[in-house]
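Below, each chain spelled out in residue letters.
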Amino acid sequence: MSAKYPIISITGSSGAGTTTVKDTFEKIFKRENISASFIEGDAFHRYDRETMRRKIADEKARGVDFTHFSAEANELEILESVFADYGRRGVGRTRHYVHDEGEAVKYGAEPGTFTNWEEFGDSDLLFYEGLHGCAVTDTVNLAQHCDLKIGVVPVINLEWIQKIHRDKATRGYSTEAVTDTILRRMPDYVHYICPQFSLTDINFQRVPIVDTSNPFIARWIPTHAESILVIRFARPQSIDFPYLLSMLNNSFMSRANSIVVPGDKLDLAMQLIFTPLIHKLLERKHRMS
(Lines give C-alpha, C1' and ligand atoms only; values in the text may rest on other atoms or scores of the structure.)
Protein backbone atom coordinates (compact mmCIF):
# COMPACT_ATOMS: atom_id res chain seq x y z
CA MET A 1 0.00 0.00 0.00
CA SER A 2 1.16 3.51 -0.74
CA ALA A 3 -0.15 6.77 0.68
CA LYS A 4 1.51 8.83 -2.06
CA TYR A 5 0.67 6.62 -5.06
CA PRO A 6 -2.62 4.75 -4.38
CA ILE A 7 -3.70 1.64 -6.26
CA ILE A 8 -7.32 0.54 -6.81
CA SER A 9 -7.86 -3.09 -7.81
CA ILE A 10 -11.07 -4.52 -9.29
CA THR A 11 -11.05 -8.31 -9.24
CA GLY A 12 -13.52 -10.73 -10.78
CA SER A 13 -13.86 -13.79 -12.94
CA SER A 14 -14.43 -13.82 -16.69
CA GLY A 15 -18.03 -12.69 -17.21
CA ALA A 16 -18.42 -11.34 -13.68
CA GLY A 17 -19.02 -7.74 -14.73
CA THR A 18 -15.76 -6.02 -13.79
CA THR A 19 -16.00 -3.86 -16.91
CA THR A 20 -19.24 -2.34 -15.59
CA VAL A 21 -17.45 -1.35 -12.40
CA LYS A 22 -14.56 0.08 -14.43
CA ASP A 23 -17.02 2.19 -16.42
CA THR A 24 -18.43 3.64 -13.20
CA PHE A 25 -14.96 4.50 -11.94
CA GLU A 26 -14.20 6.24 -15.23
CA LYS A 27 -17.32 8.38 -14.72
CA ILE A 28 -16.17 9.29 -11.22
CA PHE A 29 -12.64 10.10 -12.40
CA LYS A 30 -14.00 12.35 -15.15
CA ARG A 31 -16.48 14.11 -12.89
CA GLU A 32 -13.96 14.65 -10.09
CA ASN A 33 -11.12 15.62 -12.47
CA ILE A 34 -8.94 12.69 -11.36
CA SER A 35 -6.24 11.30 -13.62
CA ALA A 36 -5.77 7.53 -13.54
CA SER A 37 -3.39 5.06 -15.14
CA PHE A 38 -5.26 1.93 -16.26
CA ILE A 39 -3.92 -1.60 -16.55
CA GLU A 40 -5.84 -4.70 -17.65
CA GLY A 41 -5.38 -8.15 -16.20
CA ASP A 42 -5.33 -9.72 -19.68
CA ALA A 43 -2.15 -7.77 -20.43
CA PHE A 44 -0.35 -10.01 -17.95
CA HIS A 45 -1.26 -13.35 -19.50
CA ARG A 46 1.90 -15.38 -20.02
CA TYR A 47 1.00 -16.63 -23.50
CA ASP A 48 -0.56 -15.21 -26.64
CA ARG A 49 -3.67 -16.94 -28.02
CA GLU A 50 -1.95 -19.44 -30.32
CA THR A 51 0.73 -20.35 -27.77
CA MET A 52 -1.95 -20.77 -25.10
CA ARG A 53 -3.88 -23.16 -27.34
CA ARG A 54 -0.77 -25.30 -27.80
CA LYS A 55 -0.05 -25.17 -24.07
CA ILE A 56 -3.60 -26.26 -23.25
CA ALA A 57 -3.33 -29.17 -25.71
CA ASP A 58 0.05 -30.24 -24.34
CA GLU A 59 -1.16 -30.16 -20.75
CA LYS A 60 -4.38 -31.96 -21.66
CA ALA A 61 -2.30 -34.78 -23.15
CA ARG A 62 -0.73 -35.12 -19.70
CA GLY A 63 -4.17 -35.12 -18.07
CA VAL A 64 -3.90 -31.56 -16.74
CA ASP A 65 -6.38 -28.71 -17.32
CA PHE A 66 -4.41 -25.51 -17.95
CA THR A 67 -6.41 -22.24 -17.85
CA HIS A 68 -6.01 -18.48 -17.70
CA PHE A 69 -7.26 -18.57 -14.10
CA SER A 70 -4.09 -20.25 -12.84
CA ALA A 71 -1.05 -18.39 -11.60
CA GLU A 72 1.16 -20.35 -14.02
CA ALA A 73 -0.71 -18.91 -17.03
CA ASN A 74 -0.03 -15.33 -15.97
CA GLU A 75 2.93 -13.05 -15.35
CA LEU A 76 1.95 -12.33 -11.76
CA GLU A 77 5.54 -11.60 -10.77
CA ILE A 78 5.67 -8.83 -13.39
CA LEU A 79 2.28 -7.53 -12.26
CA GLU A 80 3.48 -7.39 -8.67
CA SER A 81 6.59 -5.49 -9.76
CA VAL A 82 4.32 -2.98 -11.56
CA PHE A 83 2.23 -2.53 -8.40
CA ALA A 84 5.37 -2.16 -6.29
CA ASP A 85 7.00 0.33 -8.68
CA TYR A 86 3.87 2.45 -8.85
CA GLY A 87 3.45 2.38 -5.09
CA ARG A 88 7.04 3.56 -4.59
CA ARG A 89 7.53 6.00 -7.48
CA GLY A 90 4.22 6.48 -9.29
CA VAL A 91 5.48 4.85 -12.49
CA GLY A 92 5.07 1.47 -14.17
CA ARG A 93 4.58 -0.36 -17.45
CA THR A 94 1.80 -2.24 -19.17
CA ARG A 95 0.68 -3.53 -22.55
CA HIS A 96 -2.59 -4.63 -24.18
CA TYR A 97 -3.90 -8.05 -25.11
CA VAL A 98 -5.71 -7.68 -28.44
CA HIS A 99 -9.00 -9.57 -28.24
CA ASP A 100 -10.64 -8.98 -31.63
CA GLU A 101 -10.50 -7.18 -34.97
CA GLY A 102 -11.80 -3.94 -33.46
CA GLU A 103 -8.95 -3.84 -30.97
CA ALA A 104 -6.53 -4.88 -33.72
CA VAL A 105 -7.35 -1.68 -35.57
CA LYS A 106 -7.06 0.36 -32.37
CA TYR A 107 -3.71 -1.07 -31.24
CA GLY A 108 -2.12 -2.05 -34.56
CA ALA A 109 -1.54 -5.70 -33.62
CA GLU A 110 -3.09 -9.02 -34.61
CA PRO A 111 -5.98 -10.45 -32.53
CA GLY A 112 -4.69 -12.82 -29.88
CA THR A 113 -1.34 -11.06 -29.54
CA PHE A 114 0.14 -8.46 -27.22
CA THR A 115 1.22 -4.91 -27.92
CA ASN A 116 4.68 -3.80 -26.83
CA TRP A 117 5.26 -2.83 -23.21
CA GLU A 118 4.85 0.90 -22.58
CA GLU A 119 5.76 3.02 -19.58
CA PHE A 120 3.10 5.03 -17.75
CA GLY A 121 3.04 7.43 -14.84
CA ASP A 122 2.17 10.99 -13.86
CA SER A 123 -1.31 10.13 -12.58
CA ASP A 124 -3.29 10.53 -9.38
CA LEU A 125 -3.74 6.78 -8.96
CA LEU A 126 -3.41 3.38 -10.64
CA PHE A 127 -6.50 1.36 -11.58
CA TYR A 128 -6.33 -2.41 -12.21
CA GLU A 129 -9.18 -4.53 -13.56
CA GLY A 130 -8.84 -8.28 -14.11
CA LEU A 131 -8.62 -11.78 -12.70
CA HIS A 132 -5.79 -11.53 -10.18
CA GLY A 133 -5.74 -8.09 -8.57
CA CYS A 134 -5.77 -9.54 -5.05
CA ALA A 135 -4.00 -12.84 -5.76
CA VAL A 136 -1.73 -14.33 -3.11
CA THR A 137 0.40 -17.37 -3.93
CA ASP A 138 3.61 -18.89 -2.61
CA THR A 139 5.61 -16.40 -4.70
CA VAL A 140 3.49 -13.22 -4.98
CA ASN A 141 1.24 -11.10 -2.82
CA LEU A 142 -0.64 -8.61 -4.97
CA ALA A 143 -3.23 -7.75 -2.32
CA GLN A 144 -0.64 -6.11 -0.05
CA HIS A 145 0.04 -3.40 -2.65
CA CYS A 146 -3.57 -2.26 -3.17
CA ASP A 147 -5.19 0.59 -1.24
CA LEU A 148 -8.77 -0.19 -2.31
CA LYS A 149 -9.68 -3.76 -3.28
CA ILE A 150 -13.08 -4.49 -4.83
CA GLY A 151 -14.53 -7.88 -5.73
CA VAL A 152 -17.20 -8.34 -8.39
CA VAL A 153 -18.88 -11.66 -7.67
CA PRO A 154 -22.29 -12.48 -9.18
CA VAL A 155 -23.79 -15.76 -8.02
CA ILE A 156 -22.22 -18.54 -10.05
CA ASN A 157 -25.17 -19.33 -12.35
CA LEU A 158 -25.50 -15.66 -13.28
CA GLU A 159 -21.77 -15.44 -13.88
CA TRP A 160 -21.98 -18.40 -16.26
CA ILE A 161 -24.97 -16.92 -18.11
CA GLN A 162 -23.11 -13.64 -18.57
CA LYS A 163 -20.00 -15.42 -19.81
CA ILE A 164 -21.90 -17.66 -22.24
CA HIS A 165 -23.78 -14.74 -23.77
CA ARG A 166 -20.68 -12.53 -23.96
CA ASP A 167 -18.43 -15.17 -25.53
CA LYS A 168 -21.08 -16.19 -28.06
CA ALA A 169 -21.91 -12.61 -29.03
CA THR A 170 -18.44 -11.04 -29.11
CA ARG A 171 -16.10 -13.98 -29.75
CA GLY A 172 -18.22 -16.30 -31.87
CA TYR A 173 -17.99 -19.28 -29.53
CA SER A 174 -20.66 -21.97 -29.30
CA THR A 175 -22.45 -22.76 -26.05
CA GLU A 176 -20.61 -26.09 -26.00
CA ALA A 177 -17.22 -24.39 -26.32
CA VAL A 178 -17.96 -21.93 -23.52
CA THR A 179 -19.28 -24.74 -21.32
CA ASP A 180 -16.06 -26.69 -21.89
CA THR A 181 -14.05 -23.63 -20.83
CA ILE A 182 -16.14 -23.23 -17.67
CA LEU A 183 -15.60 -26.87 -16.74
CA ARG A 184 -11.84 -26.72 -17.38
CA ARG A 185 -11.49 -23.58 -15.29
CA MET A 186 -13.42 -24.79 -12.26
CA PRO A 187 -10.45 -26.13 -10.21
CA ASP A 188 -8.47 -22.94 -10.87
CA TYR A 189 -11.56 -20.84 -10.10
CA VAL A 190 -11.74 -22.49 -6.69
CA HIS A 191 -8.00 -22.20 -5.96
CA TYR A 192 -7.08 -18.83 -7.48
CA ILE A 193 -10.20 -16.68 -7.94
CA CYS A 194 -12.44 -17.36 -4.92
CA PRO A 195 -9.76 -16.81 -2.22
CA GLN A 196 -9.27 -13.23 -3.39
CA PHE A 197 -12.77 -12.26 -2.29
CA SER A 198 -11.78 -12.83 1.33
CA LEU A 199 -9.09 -10.16 0.92
CA THR A 200 -11.18 -7.45 -0.73
CA ASP A 201 -12.41 -4.32 1.04
CA ILE A 202 -15.80 -4.41 -0.69
CA ASN A 203 -17.60 -7.17 -2.58
CA PHE A 204 -20.47 -6.58 -5.00
CA GLN A 205 -22.56 -9.71 -5.52
CA ARG A 206 -25.46 -9.56 -7.96
CA VAL A 207 -28.22 -12.06 -7.19
CA PRO A 208 -30.95 -12.68 -9.81
CA ILE A 209 -34.55 -12.86 -8.61
CA VAL A 210 -35.65 -14.83 -11.67
CA ASP A 211 -35.03 -18.50 -12.44
CA THR A 212 -31.43 -19.19 -13.49
CA SER A 213 -31.38 -22.84 -12.48
CA ASN A 214 -30.04 -24.01 -15.87
CA PRO A 215 -27.63 -21.30 -17.04
CA PHE A 216 -26.66 -23.25 -20.15
CA ILE A 217 -30.06 -22.82 -21.81
CA ALA A 218 -30.88 -19.30 -20.56
CA ARG A 219 -32.01 -17.17 -23.49
CA TRP A 220 -31.48 -13.83 -21.74
CA ILE A 221 -29.21 -12.39 -19.12
CA PRO A 222 -31.30 -11.26 -16.12
CA THR A 223 -31.49 -7.49 -16.14
CA HIS A 224 -30.35 -5.32 -13.25
CA ALA A 225 -34.03 -4.69 -12.46
CA GLU A 226 -34.43 -8.48 -12.12
CA SER A 227 -31.65 -8.65 -9.54
CA ILE A 228 -30.65 -7.51 -6.10
CA LEU A 229 -27.18 -6.42 -5.11
CA VAL A 230 -25.49 -7.61 -1.91
CA ILE A 231 -22.64 -5.30 -0.93
CA ARG A 232 -20.26 -6.52 1.78
CA PHE A 233 -17.77 -4.23 3.55
CA ALA A 234 -14.67 -5.61 5.28
CA ARG A 235 -14.52 -2.50 7.52
CA PRO A 236 -18.14 -1.43 8.04
CA GLN A 237 -17.26 1.06 10.79
CA SER A 238 -16.01 3.45 8.10
CA ILE A 239 -19.25 3.34 6.06
CA ASP A 240 -22.16 5.73 6.54
CA PHE A 241 -24.97 3.18 6.28
CA PRO A 242 -27.80 5.56 7.28
CA TYR A 243 -26.79 7.84 4.39
CA LEU A 244 -26.70 4.94 1.91
CA LEU A 245 -30.09 3.66 3.10
CA SER A 246 -31.60 7.11 2.69
CA MET A 247 -30.18 7.56 -0.81
CA LEU A 248 -30.86 4.05 -2.14
CA ASN A 249 -34.61 3.52 -2.10
CA ASN A 250 -35.78 0.05 -0.96
CA SER A 251 -32.35 -0.92 0.32
CA PHE A 252 -31.84 -2.61 3.70
CA MET A 253 -29.15 -4.04 5.97
CA SER A 254 -28.89 -7.84 5.91
CA ARG A 255 -25.92 -8.01 8.30
CA ALA A 256 -23.87 -5.49 10.23
CA ASN A 257 -21.40 -5.36 7.34
CA SER A 258 -23.78 -5.80 4.39
CA ILE A 259 -26.38 -3.76 2.57
CA VAL A 260 -28.85 -5.09 0.01
CA VAL A 261 -29.72 -2.76 -2.87
CA PRO A 262 -32.10 -3.08 -5.85
CA GLY A 263 -30.08 -4.19 -8.84
CA ASP A 264 -31.03 -1.21 -10.97
CA LYS A 265 -29.38 1.05 -8.38
CA LEU A 266 -25.94 -0.47 -9.09
CA ASP A 267 -24.40 2.59 -10.71
CA LEU A 268 -25.75 4.98 -8.07
CA ALA A 269 -24.66 2.69 -5.23
CA MET A 270 -21.13 2.45 -6.60
CA GLN A 271 -20.88 6.22 -7.07
CA LEU A 272 -22.14 6.90 -3.54
CA ILE A 273 -19.74 4.36 -2.03
CA PHE A 274 -16.63 4.88 -4.13
CA THR A 275 -16.53 8.67 -4.46
CA PRO A 276 -15.77 9.42 -0.78
CA LEU A 277 -13.31 6.51 -0.62
CA ILE A 278 -11.41 7.86 -3.62
CA HIS A 279 -11.35 11.31 -2.05
CA LYS A 280 -9.87 9.83 1.13
CA LEU A 281 -7.09 8.20 -0.89
CA LEU A 282 -6.33 11.45 -2.67
CA GLU A 283 -6.45 13.52 0.52
CA ARG A 284 -3.89 11.16 2.03
CA LYS A 285 -1.83 11.42 -1.16
CA HIS A 286 -1.81 15.21 -1.03
CA ARG A 287 -0.78 15.21 2.62
CA MET A 288 2.23 13.07 1.69
CA SER A 289 3.22 15.21 -1.32
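In what follows, the accompanying structure is described.

Calculation rules
- All residue numbers here refer to positions counted from 1 along the written sequence of the relevant chain.
- Reporting in this predicted model follows two pLDDT cut-offs: at least 70 for local features of residues, and 80 or more for side-chain atom pairs to be given and counted; totals over whole chains, interfaces and linings ignore these cut-offs and use all residues.
- As a rule here, side-chain values come from all non-hydrogen atoms in the structure, and water together with hydrogens is ignored.
- Here a strand pair is declared whenever DSSP counts at least two bridges between the two strands.
- Labels follow the DSSP assignment, with helices taken as runs of H or I lasting at least four residues and strands as runs of E lasting at least two, numbered in each case from the N terminus.
- A fitted line through C-alpha atoms serves as each axis, taken over the contacting stretch for helices, and the angle formed by two N-to-C directions is quoted from 0 to 180°.
- Any pair of residues with heavy atoms lying within 4.5 Å of one another is described as a contacting pair.
- Residue types Ala, Val, Leu, Ile, Met, Phe, Trp, Tyr and Cys, when buried and joined through side-chain atoms within 4.5 Å, form a set referred to as a nonpolar core.
- Categorising residues by exposure relies on relative accessible area from a 1.4 Å probe, with only protein chains included: less than 20% of the type maximum marks a residue as buried, more than 50% marks it as exposed, and the intermediate range marks it as partly exposed.
- Basic side-chain nitrogens of Lys or Arg form a salt bridge, by our definition, when they fall within 4 Å of a carboxyl oxygen of Asp or Glu.
- Orientation categories follow fixed angle ranges, with anything under 35 degrees roughly parallel, anything over 145 roughly antiparallel, 65 to 115 roughly perpendicular, and all other angles oblique.
- In this scheme, a crossing is called left-handed if the near helix is turned counterclockwise away from the far one by less than a right angle; it is called right-handed if the turn is clockwise.
- Polar here means any residue outside two lists: the nonpolar Ala, Val, Leu, Ile, Met, Phe, Trp, Tyr, Cys and Pro, and the charged Asp, Glu, Lys and Arg; Gly therefore counts as polar.

**Quick word on the sheet that holds strand 2 (residues 36-40)**
Backbone hydrogen bonds are what pair the strands of a sheet, in a parallel or an antiparallel way.
Working step 1: One open sheet holds the eight strands; their spatial order is 2-5-1-6-7-8-10-9, and the pairing between them is mixed. Edge positions in the sheet fall to strand 2 and strand 9 (252-255), since each has one partner strand and no second. Mean inter-strand twist for the sheet, computed between neighbouring axes without regard to direction, equals 20°.
Working step 2: Each of strand 1 (7-12), strand 2 and strand 5 (125-130) touches helix 3 (residues 76-89); the most contacted strand, strand 5, lies at about 160° to it.
Working step 3: Running at roughly 175° to strand 7 (residues 202-208), helix 8 (residues 266-288) makes contact with strand 1, strand 5, strand 6 (148-152), strand 7, strand 8 (227-233) and strand 10 (258-262) of the sheet.

**Concerning the nonpolar core**
Working step 1: Counting residues in hydrophobic clusters, the biggest one holds 34 residues, and the most contacted among them are Ile8, Phe25, Phe204, Ile231, Phe274 and Ile278.
Working step 2: Here this core gets ten residues from one element, more than from any other, and that element is helix 8.

**Digging into the pattern of salt bridges**
Working step 1: For the structure on display, the rule yields 15 salt bridges.
Working step 2: A salt bridge links Asp201 to Lys149; the nearest nitrogen and oxygen atoms lie 3.7 Å apart. With Asp201 in the loop between helix 6 (175-193) and strand 7 and Lys149 in strand 6, this pair connects stretches of sequence that are 52 residues apart. Of the two residues, Asp201 and Lys149, neither departs from the other in class, the shared state being buried.
Working step 3: Here Lys163 makes a salt bridge to Asp167, at a shortest N to O gap of 2.6 Å. Within this pair, Lys163 and its partner Asp167 are both found in helix 5 (residues 156-171), separated by four residues, close to a single helical turn.

**Focus on the packing of helix 1 (residues 18-31) against helix 8**
Working step 1: The geometry of helix 1 relative to helix 8 is characterised by a closest axis approach of 10 Å and an angle of 55° between their N-to-C directions. As far as their axial angle goes, helix 8 and helix 1 are oblique. For the pair helix 1 and helix 8, the sense of crossing is right-handed. Contacts between helix 1 and helix 8 involve Thr20, Val21, Thr24, Phe25, Lys27, Ile28, Phe29 and Arg31 on the former and, on the latter, Leu266, Asp267, Met270, Gln271, Phe274, Thr275 and Ile278.
Working step 2: Split into classes, the residues belonging to the contact of helix 1 with helix 8 amount to eight nonpolar, four polar and three charged.

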